[in-house]
Structures are given as structure tokens and as C-alpha cells.
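Understanding the architecture of this molecule
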Amino acid sequence: MALKELFSVVVAENHYIVKRVFLGCIDWRFLRLVKQFRINQDEDPNDPFDPINIPGGVKKLVRPRSEDALADVLADIKITFGHKPEEYILILHNGCAAYGDNFPEVPEDELRKGKKILEDFLARESYKAKVRMIFKDWDKVYEVV
Ligand SMILES: [Zn+2]
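Residues numbered from 1 in each chain as written. Predicted model: local features only at pLDDT ≥ 70, side-chain atom pairs only at ≥ 80, totals over all residues.

**Focus: the overall build of the protein**
Secondary structure summary: the protein contains 4 helices and 5 strands in total. Taken from N to C terminus, the helices and strands of the protein fall in the order β-α-β-α-α-β-α-β-β. By the compact-globule yardstick of 15 Å for 145 residues, the protein fits well, its C-alpha radius of gyration being 16 Å. For the protein, the spread of C-alpha atoms along the three principal axes comes to 50 × 40 × 35 Å. With 145 residues in all, the protein has 27% of them scored as buried. The long-range fraction of contacts in the protein, counting pairs at least 24 apart against all pairs at least 6 apart in sequence, stands at 77%. (Helix = DSSP H or I, 4+ residues; strand = E, 2+ residues; numbered from the N terminus. Rg over C-alpha atoms; globule rule 2.2 N^0.38 Å. Buried ≥ 20, exposed ≤ 12 C-beta atoms within 10 Å, placed from the backbone. Contact = placed C-beta atoms within 7 Å.)

Next up, the structure:
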């Protein structure tokens, strides 16, 4: 065996379900908002959830590099169907480096475009879930309503 044990972590082998999937950026400064959001939604932060963290987060839906790149992200999202999420939370954070000099002037519009793309995908796949949108500014977290 070419594996060298580092340490032990016991993980239950049973299948699990999640209430929510969070699609957001990799930027660690904003990851804690997911925990706080879940607490604010009366969700036990120790319950499972599916994080999909990719540079830019919602940018991968709205401004994919190619059709194939979009298909890859949607395929990743489809895998979460197995965990039966009721909600998908799209997150955009201010100053996201993945946008370079093209950060959206109106972050809500970027999130709404992402929501539409995701909702259309969910409809095509006959999967029912709510899509919500979160904008993380430097000092506060907002839900796009
Ligand atoms: Zn980012």
C-alpha cells in the first residue's frame, strides 16, 4: 500500500441529505458568512450542507469561459440532487478577484442572471428547489429580494 496514514477521522458511510447548497467563491474571508447565515436561518450549523466553492462562484454560471465550462458547473450542481437540497444559495462577494476589472456595477443584477440560469437548469432537470441570492459587501450581508 502506497498510503501513509496521517491521522484518523471517522466519517459516517450512510447517505445524507442537506437543506441547502451554497454556491460561492473560494475566498476564505467570506466563507464564515455561510455558517452565520445557517445560524440565522435556524439551521444547526453542524448539520450537513453542500458547499460548491469555485473562484468567482456565481460568475461561473453567468460568465462561463465556454459552453463546456458552464456544462461542467451544472453537472456539479446536478450531483447535489442526490442530497435532496430544498434551496440553492448563490453568493457573490464584493471585490471578487475572479472578475478582475469587470466586477458587476449592480451585483444584484449579476445574481439575478445566475438565479435565472440555475432555475432554468433545475426546470430542465425537473428538480424543484428554491434559489436565493446573497451579496456579501465588505461590512454586511444582503439577500437580493
Ligand atoms: Zn471571489
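**Describing the sheet that holds strand 2 (residues 50-53)**
Taken in spatial order, the 5 strands make up an open sheet running 2-1-3-4-5, and their pairing is mixed. Edge positions in the sheet fall to strand 2 and strand 5 (141-143), since each of these pairs with one other strand and no more. Here the average twist between neighbouring strands, direction ignored, is 20 degrees. Note: strand 1 (residues 20-24) against strand 3 (residues 87-93), 4 bridges, orientation parallel. Each residue of the ladder has a partner; that of Leu 23, found in strand 3, is Leu 90. (Pairing = 2+ DSSP bridges. Axes fitted to C-alpha atoms, helices over the stretch in contact; angles between N-to-C directions.)

**So, the pairing of strand 1**
Two faces, one strand: in a regular strand the side chains alternate between the faces of the sheet. Counting buried residues in strand 1 gives 5 out of 5 residues, a clear majority hidden from the surface. For the handedness criterion, the β-α-β arrangement of strand 1, helix 1 (residues 32-40) and strand 2 is classed as right-handed. (Right-handed = clockwise from strand over helix to strand, strands pointing away.)

**Points about the nonpolar core**
Residues Phe 22, Leu 23, Val 58, Ile 89, Leu 90, Ile 91 and Ile 134 are the most contacted members of the largest nonpolar core, which totals 25 residues. Ranked by residue count, the leading element in this core is strand 3, at 5 residues. Residues contacting Phe 22, with those up to four places away along its chain left out, are Val 34, Phe 49, Pro 51, Ile 52, Ile 89 and Ile 91. (Core = buried A, V, L, I, M, F, W, Y, C linked by C-beta atoms within 7 Å.)

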